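# Residue-level structural notes
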Amino acid sequence: MTRKLRFALFGNIYQAKKSLAVQKLLCQLEEHKADIYIDAPFYEYLTQSLQLEVRPTGLITDGNFEADVVVSLGGDGTFLEAASRVRDKRIPILGINMGRLGFLADITADEIDAAIEGIYADIYTVEERSVLQVEYSGGEPAGYPFALNEVAVLKRDNSSMISIRISIDGEYLTTYQADGLIINTPTGSTGYALSVGGPIIAPQSQALGLVPVAPHSLNVRPITLCDNVDIELSVESRSHQFLVAIDGRSETCNENVRLHIRRAPYPICVLKRPGSSFFRTLRNKLMWGSDVRE
């Protein structure tokens, strides 16, 4: 007898080409008589913009929902948004990619049927990914203060660098003169941090990366740390303000605000199919180790 499962669907509302994949997913879930909950903006997009006939069990309007599996339909950015909605619920997330191969959304539209059957056959594994927590001295972040990928401290304008003083567990490390600084998890090491020269960190490594953005000194290099440290940042800027981007969600801070960054008390759970490999994705997505001369 088929198990009764609850699925929560979150999706990118800017990809019209996903309609066929969504229909395939919904048909598959309906065949299993699953309860289907859909994020309200995504439901509106499916029914109004794509003109699909969708009959969900219910709509998700806030963070107050329960499910056995969350499905993210989009790219890695959509996955990050779904993770911010799941928060500390420890609901495993399945990432279905509507475009190019992703590190988080690594199931293609052609693999939807097999993915759902794999979930019902209980052959998928759950991989826990560490999360960063941001706290402000003298205030709180305006939005969700947790990041699956990275926390970036950046200059607010394009005229001058900022000075970022950083301490690790109370010990002064250095002051970066740079356009910014990225503190990333292993999951985030293949994102923004990689684009500015940070190291790739395997997902299960208990490490964090500190990666300067356009440092104004040639002897400043990225560094990796154990993920059980407490990081404190203070910033000086000519404009007396700077940006804090938490998984891309940015807000402006005054320079008298200090940031404390540490590992969050909960992970984000990612559903992985049998035989999935981070290193294979690395080779396929980044052509890592390929000889371009061939």
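Residues numbered from 1 in each chain as written. Predicted model: local features only at pLDDT ≥ 70, side-chain atom pairs only at ≥ 80, totals over all residues. Heavy atoms only, no water.

This next bit is on unusual backbone geometry. At Arg87, a position not held by glycine, the phi torsion is positive, near 55°. Mapped onto the fold, Arg87 is located in the loop between helix 3 (76-86) and strand 5 (93-97). With phi around 50°, Ala214 is a residue other than glycine that occupies positive phi space. Among the structural elements, Ala214 can be located in the loop between strand 14 (207-213) and strand 15 (223-226). Relative accessible area serves as the criterion here: at 39%, Ala214 is assigned to the partly exposed category. (Helix = DSSP H or I, 4+ residues; strand = E, 2+ residues; numbered from the N terminus. Buried < 20%, exposed > 50% of the residue type's maximum accessible area, 1.4 Å probe, protein only.)

This brings us to a negative patch on the surface. The grouping of Glu30, Glu31, Asp113 and Glu117 at the surface amounts to a negative patch. Put simply, the parts of the chain that give the negative patch at least two residues each are helix 1 (19-31) and helix 4 (112-120). Among the structural elements, Glu31 can be located in helix 1. Classification of Glu31 as exposed rests on a relative accessible area of 59%. (Patch = residues over 30% accessible without salt bridge, like charges linked within 9 Å, V, L, I, M, F, W, Y side chains within 5 Å. Areas by Shrake-Rupley, 256 points an atom, 1.4 Å probe, with all protein chains shown as cover. Salt bridge = Lys/Arg side-chain N within 4 Å of Asp/Glu carboxyl O. Lys, Arg positive; Asp, Glu negative; His and termini not counted. Charge placed at Lys NZ, Arg CZ, Asp CG, Glu CD.)

A few words on the side chain of Arg85. Note on placement: Arg85 falls in helix 3. Leaving out residues up to four positions away in the same chain, Arg85 has contacts with Phe10, Asp39, Ile60, Thr61, Asp62, Gly63 and Phe65. (Contact = heavy atoms within 4.5 Å.)

A general feature of soluble globular proteins is that nonpolar side chains tend to end up buried together. Core analysis: the biggest nonpolar cluster contains 31 residues, and Phe7, Leu9, Leu73, Leu94 and Ile119 have the highest contact counts within it. Looking at this core, the elements with two or more residues in it are strand 1 (6-11), helix 1, strand 2 (35-39), helix 2 (40-49), strand 4 (69-74), strand 5 and helix 4. The residues touching Leu94, leaving out its near neighbours within four places in the chain, are Val69, Val70, Val71, Ser72, Phe79, Ile107, Ala115, Ile119, Tyr124 and Leu271. Judged by nonpolar contacts, the second largest core, of 27 residues, contains Ile168, Leu208, Ile231 and Val257. (Core = buried A, V, L, I, M, F, W, Y, C linked by side-chain atoms within 4.5 Å.)

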